[in-house]
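Spelled out, the chains give:
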Amino acid sequence: MIKKFLDLGSQPLANSYISKKNLLHKEKKFKLEIGFNKKNYLVSILTTVSKEKMFNKDYPYKSSESFTMRKSFKDLAKKIKERFNPKFIIEIGSNDGAFISNFNRKHVVGVEPCKNLAQITKKNKYVTHSEYWNLKLAKKITKSKKADIIYSANTLSHIENLDEIFNAVNNALSEKGVLILEDPSLLKCIQNVAYDQFYCEHIYVFSTIALKNILKKFNLEVFDLENTKTHGGSNRYYIKKMSNKNYVINKNVKKEINKEIKFGLNKFSTYLKFKKKVMSSKKKLLEIFNDLKSKNLKVIGYGATAKSCTVLNYCGIDRTKVDYFVDTTSYKINKFLPGSKIEIKKYKRLNIKNVDVVYLGAWNFKDEIFKKEKTFIKNGGKFITHVPYPKII
Ligand code: JHZ
């Protein structure tokens, strides 16, 4: 039933940054192929990696690293308080606490299997279960009361067994409770040729039409939806039990569904067109890098993202094309990007004296980065982005 439409080659684990002493070790690689399920419209990667290999005590990504994400979580927390006035919130994938830290400790519980991240919220006195979300854990957390809100951002797309997730959610959510999910939008990903949304951790990139089909099995339904700018364009879904008549279904749900169908997210041919665009994106990006090299310009990368791993390894971009990356995440500094083995250095404000062109690994934070680097831009510094098509800006 799942038909493959894209092959992004053999890829290392996207978040497995290499330390200097392991640089010569052979990296384990996995096929990165993407497929479309014609029955429920779900788009997924075809070879999955065990969750223990990806989400463990060494997980490098921290949501709080960016101002954009901190602001997005703060604004949402305010909205949730005003609209739902919840007394008991569970966050699945609480990371370093960027969302839960906006709530009173009495009202919120985090679930975070990556022990290094859970440690941060525990230290800040937030109840955190350092386990994978499942039915057993859901029952344990909601033994005395069910949740008013269950929130999960950029986590559901990382969990292979969706049945397990929604079974557990159904059990933990009160009858009048609301599940809020936030993940990159497939429509935006395809429209923007942002093929780097696909990597080992992103098992799914959801469309509303696929999510609707999955939720139906669990008697859950989307009653409201917001398009957000985070992570290159995401959807925030407000979901309730079908039996809960407290909320009417907002018109914008149908509107989004119509938009997706009009674009063709329910048709395999759309994904074949996407594949062609991805292939020409690779060609164009390589032309840009080769041209810069022929002019002897100094090129570095900005934001050693998980997404960059897909681009660098699919396009075959290595140290011969990009000198090094800069990143603010302490865990990544002085390590090397998986596969391409490009070094990651501690972020320092860009200076035209040291660098000519900067590849935006974190293109999803373009506005935040451009604001920060306005002097570099004013002095003639340039950036490369591959979204929505490779160009120098
Ligand atoms: P960012 C991760 O993906 C992994 P990545 C994960 N699988 C996922 O789904 C998303 O996050 C949510 C740095 N940076 O958010 C910080 C600067 O150095 O695009 C980060 O390393 N300076 C969980 O890795 C990276 O860029 C800056 O000014 O693709 C951004 O990573 C800013 C703004 C960021 O996610």
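This one's a predicted model, so the numbers in the text were calculated from it and none came from an experiment. (Residues numbered from 1 in each chain as written. Predicted model: local features only at pLDDT ≥ 70, side-chain atom pairs only at ≥ 80, totals over all residues. Heavy atoms only, no water.)

1. Remarks on helix α10 (residues 306-315)
By the criterion of burial, α10 is predominantly enclosed, with nine of the 10 residues buried. Along α10, the residues that are buried comprise A306, K307, S308, C309, T310, V311, L312, Y314 and C315. Residues of α10 that are buried in the fold lie against β1 (2-12), β2 (29-37), α9 (268-294), β13 (325-327) and β15 (357-360). Looking at the residues trailing α10, positive phi occurs at G316, about 70°. (Buried < 20%, exposed > 50% of the residue type's maximum accessible area, 1.4 Å probe, protein only. Helix = DSSP H or I, 4+ residues; strand = E, 2+ residues; numbered from the N terminus. Contact = heavy atoms within 4.5 Å.)

2. Regarding the site of the ligand
As a structural note, the neighbourhood of the ligand is formed by 25 residues, with H158, E201, K307, K332 and K372 the closest of them. Between the ligand and T329, the relevant distance is 3.2 Å, taken from an oxygen atom to a side-chain nitrogen or oxygen of the residue. Within the contact set of the ligand, an oxygen atom lies 2.9 Å away from a side-chain nitrogen or oxygen of N364. Protein contact buries 96% of the 720 Å² of open area that the ligand shows by itself. Within the residue set of the shell around the ligand, elements represented by two or more residues are α10 and α11 (366-372). Per-element tally for the shell around the ligand: the top contributor is α11, with three residues. Of the residues in the shell around the ligand, the class split is eight nonpolar, 11 polar and six charged. (Near = heavy atom within 4 Å. Polar contact = N/O pair within 3.5 Å; in protein donor to acceptor, adjacent residues only side chain to side chain. Areas by Shrake-Rupley, 256 points an atom, 1.4 Å probe, with all protein chains shown as cover. Nonpolar A, V, L, I, M, F, W, Y, C, P; charged D, E, K, R; others polar.)

3. Comments concerning the nonpolar core
One finds W133, F166 and F198 to be the most contacted residues of the largest nonpolar core, which totals 80 residues. Here F198 is in contact with L8, L32, I34, V43, I45, L186, C189, V205, F274 and T310, once residues within four sequence places are set aside. Counting 37 residues, the second largest nonpolar core, distinct from the first, contains Y126, A153, Y324 and F365. (Core = buried A, V, L, I, M, F, W, Y, C linked by side-chain atoms within 4.5 Å.)

4. Topic: the environment of N354
Along the chain, N354 turns up in the loop between β14 (344-346) and β15. Remark: the alpha-carbon pair of N354 and V299, spanning 55 residues in sequence, is separated by 9.7 Å.

5. Here we look at the environment of A138
Assignment of secondary structure puts A138 in helix α4 (residues 135-141). A residue is classified by how much of its surface remains accessible, and A138, at 0% relative accessible area, is buried. As for A138 and I165, which are separated by 27 residues in sequence, their C-alpha atoms are 9.5 Å apart. Excluding residues that lie within four positions of it along the chain, A138 makes contacts with W133, A168 and A172.

6. Observations regarding the sheet that holds strand β8 (residues 173-184)
Spatial ordering of the open sheet is given by β6-β5-β4-β7-β8-β11-β10, a layout of seven strands whose pairing is mixed. The open sheet has two edge strands, β6 (127-129) and β10 (220-228), and neither has a second partner. Within this sheet the neighbouring strands show an average axis-to-axis angle of 20°, counted without direction. As judged from the three bridges shared by strand β4 (residues 89-92) and strand β7 (residues 147-153), these two strands associate in the parallel manner. Residue I89 lies in a different strand from β7, and its bridge partner there is I149. (Pairing = 2+ DSSP bridges. Axes fitted to C-alpha atoms, helices over the stretch in contact; angles between N-to-C directions.)

7. Here's the deal with a nonpolar patch on the surface
On the surface, M1, I2 and L46 cluster together into a nonpolar patch covering about 310 Å² of accessible area. Mapped onto the secondary structure, L46 falls in the loop between β3 (43-45) and α1 (51-54). (Patch = residues over 30% accessible without salt bridge, like charges linked within 9 Å, V, L, I, M, F, W, Y side chains within 5 Å. Salt bridge = Lys/Arg side-chain N within 4 Å of Asp/Glu carboxyl O.)

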